[in-house]
Amino acid sequence: MKKYLSLLAFCALATASAQPPAPQTRWTIANDHAIRWTVDGSRLPHNDHVEMSGEQISARLHYGVESDGRFTLTRTLVWPMLRMLPNDTFGGLTRDFPQNFLDAVRIDGKALAAEQVEYLRLDGLLTVVSRYGDIEVTRCLFPSPARAAFCEQYTLRNAGPITVAVELNPVRDEIRTDADAGVEGSYTLIAATDFVRSRTLRLAPGETCIFGASVRGLKTPEVELPLDISAERAQREAFVAEVCGNLSLESPEPVLNTMFALAKVRAAESVFRTRGGLLHAPGGVYYAAIWCNDQPEYVNPFFPQLGYAKGNEAALNSFLHFARYMNPEYRYIPWSVIAEGYDTYGPFDRGDAAMLAYGAGRYALQMGDIRAAEALWPLIEWTLEYCRRKLNEHGVVASRPTNWKNGSRPAMPISAPRRSTTTPCAPRHGSPSRPDGRNGWPTNTAAGPKRCVKTSNASSVQRSKGTPPTAITRATTSCVRGSAFRWSRIFSNAGRRPWRPCSPRGSGPKTEC
């Protein structure tokens, strides 16, 4: 018996020693929509990034903690509606701002020094708490919900035993862009504190003082109106609370719950008020533009579930922008509407009509609004008919894929079927009703092949007799948006004609879509 117990103990120890070590994580879950990084001095330096957006600005924050405990920050700010030339997919004004607004603060006549970051928190805002000796400094960074400004609020607290003198000096950096480079001439960028005169305060132990700063962009002849940083913060926090209060994920895994909450914030905040109306944008380097996959297929059907009014308006707006390019000849719809809705990109068909049909159908069903359904029905009919006309001998909707990444694999032939996922087929009877009250599918699909794709592999197609051709394919191959050529459209009295390439672009940013 002793030998048996000894053997069990040995096996248990061997198994335990064979287990991989638990992964070390910097971030911990603070609540249902917040994560926190408590800086303990180990595994430094470390850098990270996050993007936050408002109606008029997007901020990509590149932040980190250095080996000596200092906080570092570079703000890459994008003003999507301050358009630059060429006015294409990447035409939003973008600038880096490394300013440290704390450089102008003096404590008893001395600059802040020997910073030690205590923790960082992400909850729709970025909060950084640091100590400079007996002075605790809290930074709160966030975009303005409605104005073309990135906002920062600084709180200084005397954590020491004696009263100190805090000297606050104004900071102002102003940039005027080249008038010849802007669609609307020169733009003014201002990085400044929210006060214009130096002042000195005396902080007793435990007392705090607060000041704000911002980086904003202005068109000519816009004037620099005062910006209430505290009010902007309250609006941002109200937005986060609204989004996080709807459509919660409750699972046994807290990481998934928190990830879902923060993903809701990111999806909902990236809605911009453009000249073409509210438009959702993927972010990164893509703004004031929509794509047939990013918006119609991905985020648009999500907004009705979230109950986010601004997102629902942007979703319907994006569908109607694409509907402008329907045509009686059933030429393909461009895959992207860019430059605030004033231009397009998409030199060939990627299966975009299928994406539009799928997304518009889901959005209309989930909205449950007859007016939205009536507005979308012509687009749904047109895109389904376009897909019917593209069915190949296997019953798969054919389109043209592009080269694989870096051209490592050749493109498939034009009109070849691709490995793709398909939407479920509708039953033969009881099909969805039209907005006009009639049942069934568009009459111009009745003569089409009555088959339906039941698998994601085009080489093994299952057919269902008597079923409308509702197998809408979705492309999964790689492509590059707007990188090789800019394309122009030819207009005539007869309507829109096929696309043609114009002058090649320079070596600009490229990304997979």
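Residues numbered from 1 in each chain as written. Predicted model: local features only at pLDDT ≥ 70, side-chain atom pairs only at ≥ 80, totals over all residues. Heavy atoms only, no water.

### Description of the sheet that holds strand β20 (residues 290-291)
Next, step 1: Spatial strand order, β20-β21-β22: three strands in an open sheet with antiparallel pairing. The open sheet is flanked by β20 and β22 (343-345), the only strands paired with a single partner.
Next, step 2: With two bridges connecting them, β20 and strand β21 (residues 336-338) associate as antiparallel partners. Counted as the bridge partner of W291 is S336 from β21. (Pairing = 2+ DSSP bridges. Helix = DSSP H or I, 4+ residues; strand = E, 2+ residues; numbered from the N terminus.)

### Details of the pattern of salt bridges
Where charged atoms of side chains with opposite charge meet at close range, the side chains can pair.
Next, step 1: Counting across every chain of the model gives 22 salt bridges.
Next, step 2: Between R131 and E118 there is a salt bridge, and its shortest N-O distance comes to 3.9 Å. Of the two residues, R131 sits in strand β10 (residues 126-132) while E118 sits in strand β9 (residues 116-122), which places them 13 residues apart along the sequence.
Next, step 3: One salt bridge in this structure joins E136 and R157, with 3.3 Å as the shortest N-O distance. Here R157 lies in strand β12 (residues 149-158) and E136 lies in strand β11 (residues 135-143), a separation of 21 residues in the sequence.
Next, step 4: On the accessibility criterion, E136 (17% relative accessible area) is buried.
Next, step 5: Classification of R157 as partly exposed rests on a relative accessible area of 29%.
Next, step 6: Among the charged side chains, a network of salt bridges with common partners joins E51, R236, R266 and E269. (Salt bridge = Lys/Arg side-chain N within 4 Å of Asp/Glu carboxyl O. Buried < 20%, exposed > 50% of the residue type's maximum accessible area, 1.4 Å probe, protein only.)

### Notes on the sheet that holds strand β8 (residues 110-111)
Next, step 1: One open sheet accounts for four strands, arranged β8-β7-β13-β16; its pairing is antiparallel. A strand with exactly one partner marks an edge of an open sheet, and here the two such strands are β8 and β16 (199-203).
Next, step 2: Relative to β8, strand β7 (residues 105-107) is paired through two bridges, and the arrangement is antiparallel. Its bridge partner lying in β8, I107 is registered against K110.

### Regarding the packing of aromatic side chains
Remark: the centre distance and the inter-plane angle together describe each pair of aromatic rings, the angle taken between the planes.
Next, step 1: The final tally for this structure, using the stated rule, is 16 aromatic pairs.
Next, step 2: On the basis of an interplanar angle of 55 degrees and a centroid distance of 6.0 Å, the ring pair of W27 and W37 is categorised as tilted. Here W27, found in strand β1 (residues 27-31), pairs with W37, found in strand β2 (residues 34-38); they are ten residues apart in sequence, far enough to count as distant.
Next, step 3: Since its relative accessible area comes to 4%, W37 is described here as buried.
Next, step 4: Consider the rings of F272 and Y287, whose centres lie 5.8 Å apart with planes at 90 degrees: the pair is edge-to-face. Here the residue F272 occupies a position in strand β18 (residues 271-274), and Y287 occupies one in the loop between β19 (277-280) and β20, the gap between them amounting to 15 residues.
Next, step 5: Counting every residue linked through ring pairs, the aromatic cluster contains F239, F260, F302, F303 and Y308.
Next, step 6: Positioned over the ring face of Y119 is R36, at 3.6 Å from the centre of the ring. (Phe/Tyr/Trp six-rings, centres within 6.5 Å; stacked < 30°, edge-to-face > 60°. Lys NZ or Arg CZ within 6 Å of the ring centre and 35° of its normal.)

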